[in-house]
Amino acid sequence: MGSKSLVGMEVPIIGSDAIKWVEVSVPSTQPLATATSALPPPQLAPPTEDAASCTVIGDPPTYFVWRIHKDQPYALEILEICGYKEFPETGLRIIFPDALCSFALICKDEVNCASGKPHMLYTLTVAGVAYAIRLQSIYKYATYSVLPPNDIMEFSIRSYPHHGAITAVAAAAGCLVIGKNDGSVSCFQLGMLEPSSPGFAYELRDDAGFGRLWGLMSRRTVGAVQDLVVAEVYGKKIIFVLHFDGTLRVWDYLSRSRIFSNTIGIPTLTDAVSSRLWVGELNNGTGVIHLAILYKHSPEVSMEMICVYSLRYNLGDKNILLLDSSVQNIPLEEGALVDVKLTSNKIWMLKVDGLAMLSLFETPNNVGVAHCYSLQEAVVAEQLFQSSEYSTEDLLWLSQSFFPSVKDQVVPFVSSIFLRRLLAPGIYHGAALRGTFKDCNKHITDLEFQSFTAERLKREILSIVEHEVVSGNPLSILYCWKTFCTRYFHNWCKINAPFGFHIDSSSGAVVLIRKTSVSLLRSLEDIEFLVYGSVDELGDLASSGLDLCVDNLDREILFEVLRCVSNISQQLGKASSAIFYESLLSNPSISSEDVVPRLLKILETGYNASIASFHMSEMGADVAWEKEMVDHRNLRKFSVEMLLSLHALSNKATTWGKVLDVIESYLKFLVPRKIPHKFDSVVGFNINSSVMVQATTQVTKVMFESSMDILLLLSYLVNISGQIHILHDDISRIQLDLVPMIQEIITEWHIIHFLGTTSSESPSAEDFSSQLSSLQIDNNIDKRSWNLNLGKCEFTLACMLLLHFRSSSEVEGNLFVKCLPGPESFISSVRRFASWILCGMTEESPAFFSHSTELALVLLNHGQYDAVEYLLTSVEEHSRKEKISESIQNDDGKWGTLLHLLGCCLLAQAQRMPQGVPKEKRVCEAVRCFFRASSARGASQALQGLSYKVGLAHLGFSGCLSAAAWKLHYYQWAMQIFEQYKLSESACQFALAALEQVDEALGPKDDSPGADTLKESATAVKGCLWANVFTFMLALNLYYDAYCAIISNPDEESKYICLRRFIIVLYERGSVKILCDGQIPFIGLADKVEQELVWKAGRSDVSAKPNPFKLLYAFEMHRHNWRRAATYIYLYSVQLKTEAAFRDQQRRSLILQERLNGLSATINALHLVHPAYAWIDPILEESSLQKEQYSSKKARLTVHDQSVGYDVHAQRLQSHIDLEKLENEFVLTSAEYLLSLANVKWTFTGNEKPTSELVELLVQADLYDMAFTVILKFWKGTALKRELERVFSAISMKCCPNRVGPPFVGNNVTSHTLLLTSSKDEASLDVYPPLYQSKGSTHWETLELYLEKYKGFHPRLPVIVAETLLCADPRIELPLWLVQMFKNVKRGSTLGMAGSEANPASLFQLYVDYGRFVEATNLLIEYMESFSSMRPTDIIRRKKPSAVWFPYTTIERLWRQLEDLISRGHMVDQCEKLKMLLQGALLNHLNLLRVDSDDVKSSAVSQLDG
């Protein structure tokens, strides 16, 4: 083919790989084969092969792209593309009943163009069935599943009489032409006539007047038809037929006559066979039609050749075609030929490895220079390190040289590089990635995969790579990435193979049709010609913008410089640019400023020792040693070659200053061209603008890498300046002029590339703007499509900016014409788009990236916060360190606008992040940006109308303000924004900063009449700001600082409002302890605090926790106001008393217990007061709770409150409560509480003395302690004794389950016999059931306990108890302890059974009264015997007058009752026995008394005698 020159490259149309197909089927009219029928008819036409083409129809042009896949032979895919519209999301897939030939044609339907179905599709199946299908707009087939039969015209070639094996097929509007293996050509007017109409089918013959025999003979003279082409020449359809034997025939379709026939051969290729034919366009000036024929050798020889012939068309009475003698032979090298197209003067050849274009018959040898267009396969291989120049190992070794921690830093860094490149526009292909997922056993449905955003895809890819990692070392992970990318690249090439291309004759656009996508071709930018070595195509350097002298010396110096740059790039490998680019994006992993010095160190000394040790640990000692030796040899070779090249360069230029001049000129050539122009039209988002963005990213990548290479070269020159003799002035020039210039160039190209390759963010759920846009209120189709595209890999930030890109319709014709752009049209559009990104629409000399704020506004308006942060941060960092004379900081307000937008972006990002260090860092950065923006010059004017454009809160001021007033308003705005995002700490900073500006901004400057007004205004503003500070401190739980803000507030009304809020918040948060523990000194505000607590207490529910009354109690106790503390806690108990009446039993018990605590606290507090003042007035305090007034609030006094107030004065005299009343109330409340625990309801009515009913309830509930407490507290004297008797009677009754009366039933206890039984039952007198004993044991113990305790208050209590027991159960056996209480009477001056009220005589009488004669007799005998057996010392006392007393009357009653029983015959024996015992005892007693009387008398006589 001769020499090659790269002149262009492929530009993918983003989104063309994600088509959603609408499938419709063609109904079959052939009869279905039965089970017994023969096999389907044999194949009549050529088999299915991959094929595609494009047809341009209409004005504005519509591009109909069709594809037939070999692996889907039954389907035909159709895309309808318009350059002025977005790439369609849906396409039409027609399913045929049989496999298709590799042929189709879409043309305008000349017959029925007005029927709403203006297009016609021609195709042929391998079974010989031809179809002509009328097509309407593709988008209308969404509701179809089967094509309407009326739209389909079907014809089977087999029904044609002279059918044979079809070898070629072609078509034009209204006709279908087929060539057969016998050399014949048949025409069918399919779509024009019905198959049954005369003239529908005919054959092209040499002479129509001869007979059939001559026709058959003529057909045998030529070989089989190899290829057919139907072309239009001067409005006539001409059919070109290529036969197997090399014969070329040309037929006039209308006249059906042959107008040319010749056998064409190649003398040098005797065994070559013609296989394909292509026909070019007619050159209207020369009348020449170019033909291209593909010749193939035998199957053993793979060489192919294309021969180009020229036919001259003479237009006259007879159309004559003449063949020129000149032939252009184009040998084809390795690589399968896909498609060929001819224009009037060029031939285009598409192979699997590229597209080549040659000029026709341009040189004497007919061999011109091939202008090549690289395909996307080369770009994908380069980006994914699949080519030989891009080694993944170089990426790993270089990355390890930058990071101290290999595992923790290198692995994420390398993974980030691969992920960024995999998902870059033009590299990412959805079907290829999904196929790679399947190869890795990751199965994802179509619907799920289509819903994936870029971030989700990154996570899925990372999970696959990490899953395949065997060990955690970087080399293993690198190999996993390499394997994954290799699989992806293989799938990409397989799924996206080129099928064909089309050249638009009107615009020159070259449309490349791939298996699953569509692309355009573009020409190279000027810099790309230099980079890719196509210098001859660059032409005049001066016209291209490269400012060099006219002599060739500058050109030679430049080429030498570029050669040195190439040496450095080859030594470091292509991975160096990837690392440098990633360092700009992966901050803080590694700074881009550190990359160049480390790369230079590698150029000078090679890899460090740590890399060598890593090689040894990962690859083994032998491999590591060999690797180290190879690296060492390469380094030495590079150093020597560079040294020699630089010396030669210096000698050629004579001085280094001359070299630097050339380099500076080259750098100006790399500077993005600023093209000031008045833009009058919005470009919008369509295919033309989309490919412009993609082409811009391709150009910026080359610009970025070229700038970086020059930076490395200059830095390398400085490092080895001593070896190449560079002067100090030249070094200073490099460091102070050239390096900053390169850094600015790199930053600008990098940002443009960043915008063109970074996918947009998905709208967050909280993003109001995205939710609003999803409503689709407006009719802007471009904006509505964003809702589906946001977050997708193919929808980049630059695509989002296109709706705001305005261009000139006069200059930028390719963006506004309706056709697709040609290769040359890309250059101007790319330059203007890059210029717009950098400087916008300004006509002035722009500063560095002066358009950044406008871009940030657009991106902020669509929620692209990460992109805005990176964009503005990059501009800010560069502007802070730039050394050029013109700076963005000098612009009027632009610097402040940039910082303001950056702060808004950081704040929005922080809002979406969870709590943690990253969020805190972004908040701090936002605060820093806002403070810096407030101090920027001109910011007040620049920011006034900014907020409405991005949907932010309005700044709230306008006009010219002083510096202090501007800062005051701006700080207030910032405070409100941070408050809106609940960032109290940052909001507080701006509130405090605003306070510093109030005096200067609003304070009086003189003694003018308005000074007082200004002063009041300043006070109000300060009050508002201090109130905000208080709110923020309260939100941060900084209560002491919040209180400081309260006392600092100069506005009294605001201060008290804050104080009230302070108390309420403390109360709600359970932090009121600080009010009472002295942490906060309420200097001058204690009464207000108490007032607020009182108001809160009067309007709080009793169940509130903590209760305000308790707070008041603690507050007053801490202040040593004992009486007020007692009053508040007593009011709390009053509230509880009211609440308890409306609660259930369980809740009531809790409330009563709480009330007891309140009363106890009240009593304790009053005990701390002097006894003379130990009283409270709760009525007065309760009234103050209801009548509390506030100056700033509406009066809270209602009519009911007023009536209550009138009653207070009348009740005040009776309302005083002292300790005694409190103690009484405490006792009664305790009784009520204990009863509630026993499920007994009794309510304290408020009377000072309870009734006996309460005591009875307490006794019934076994609450004896409480019952006795109540009795002792409220009864005195006789009433006390009476209540005690009642209580002990009740207790005694509980000890008598078998009392006289109705029988006691329970626990199997039945009624028992009487105590005194007949003589035959004597043995059972002392026998009692065990159950009876156990059941009464607890009550007996209780009775004994309380009788011992309280008999001192009433000595007759034992008598009451015994009498009650005997009355209840006359046969009961009195307990021993009770009997002992009667017997253990202190004997005084009398002896016998005398004593206190509970004496033996009383017991004896009870025995007699209740028929307990045995016990009475025994008791009497016991005491009489005791009387008679007194000690000698007591005899004298016994003989005193009235010293002895026995109940003789009762004894007499006992005697009579015994006699009565004997006389009635009841228990005669027992009564006789008792009577005898009683008689004997009485006789002994009376004898003893007589003796004692005689002794007394004798003693008296003797005393008289003496």
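Refer to the structure presented above.
Only a predicted model underlies this, so the values are computations on that prediction, with no experimental measurement involved. (Residues numbered from 1 in each chain as written. Predicted model: local features only at pLDDT ≥ 70, side-chain atom pairs only at ≥ 80, totals over all residues. Heavy atoms only, no water.)

Draft legend 1. Structural detail: the sheet that holds strand 18 (residues 257-263). If you trace the four strands from one edge of the open sheet to the other, you get 15-16-17-18, paired in antiparallel fashion. Each edge of the sheet is formed by a strand with only one pairing partner; in this case those strands are strand 15 (225-233) and strand 18. Sheet twist, expressed as the average angle between the axes of neighbouring strands with direction ignored, equals 15°. For strand 16 (residues 236-243) and strand 17 (residues 247-252), the ladder comprises five bridges, and the chain directions are antiparallel. Counted as the bridge partner of Ile238 is Asp252 from strand 17. (Pairing = 2+ DSSP bridges. Helix = DSSP H or I, 4+ residues; strand = E, 2+ residues; numbered from the N terminus. Axes fitted to C-alpha atoms, helices over the stretch in contact; angles between N-to-C directions.)

Draft legend 2. Molecular detail of the pattern of salt bridges. Overall, the coordinates contain 51 salt bridges when judged by the stated rule. Glu560 is the partner of Lys652 in a salt bridge, and the nearest nitrogen-oxygen pair spans 3.8 Å. Taken together, the positions of Lys652 in helix 15 (residues 621-653) and Glu560 in helix 11 (residues 552-572) put the pair 92 residues apart, joining distant regions of the chain. In this structure Glu560 comes out as buried when scored by relative accessible area, which is 19%. Its salt-bridge partner being Arg1286, residue Glu1256 comes within 2.2 Å of it at the nearest N-O pair. Of the two residues, Glu1256 sits in helix 43 (residues 1252-1260) while Arg1286 sits in helix 45 (residues 1277-1294), which places them 30 residues apart along the sequence. (Salt bridge = Lys/Arg side-chain N within 4 Å of Asp/Glu carboxyl O. Buried < 20%, exposed > 50% of the residue type's maximum accessible area, 1.4 Å probe, protein only.)

Draft legend 3. Representation of the environment of Lys1273 within the structure. For Lys1273, the location among the structural elements is in helix 44 (residues 1264-1274). For the pair formed by Lys1273 and Glu1223, sequence separation is 50 residues and the distance between their alpha carbons is 9.3 Å. Discounting residues that sit within four places of it in the chain, Lys1273 has contacts with Glu1223, Asn1224 and Val1227. Among the polar contacts made by the side chain of Lys1273, one reaches the side chain of Glu1223 at a distance of 3.5 Å. (Contact = heavy atoms within 4.5 Å. Polar contact = N/O pair within 3.5 Å; in protein donor to acceptor, adjacent residues only side chain to side chain.)

Draft legend 4. Region of the structure containing the packing of aromatic side chains. Evaluation of the coordinates by the stated rule reveals 36 aromatic pairs. One aromatic cluster is present, formed by Phe930, Phe931, Trp966, Tyr970, Tyr971, Trp973, Phe978 and Phe990 through successive ring pairs. Stacked on the ring of Tyr202, the Lys or Arg Arg256 has its end atom at 3.5 Å from the ring centre. Over the ring of Tyr1056 we find Lys1088; its NZ or CZ atom is 4.5 Å from the centre of that ring. (Phe/Tyr/Trp six-rings, centres within 6.5 Å; stacked < 30°, edge-to-face > 60°. Lys NZ or Arg CZ within 6 Å of the ring centre and 35° of its normal.)

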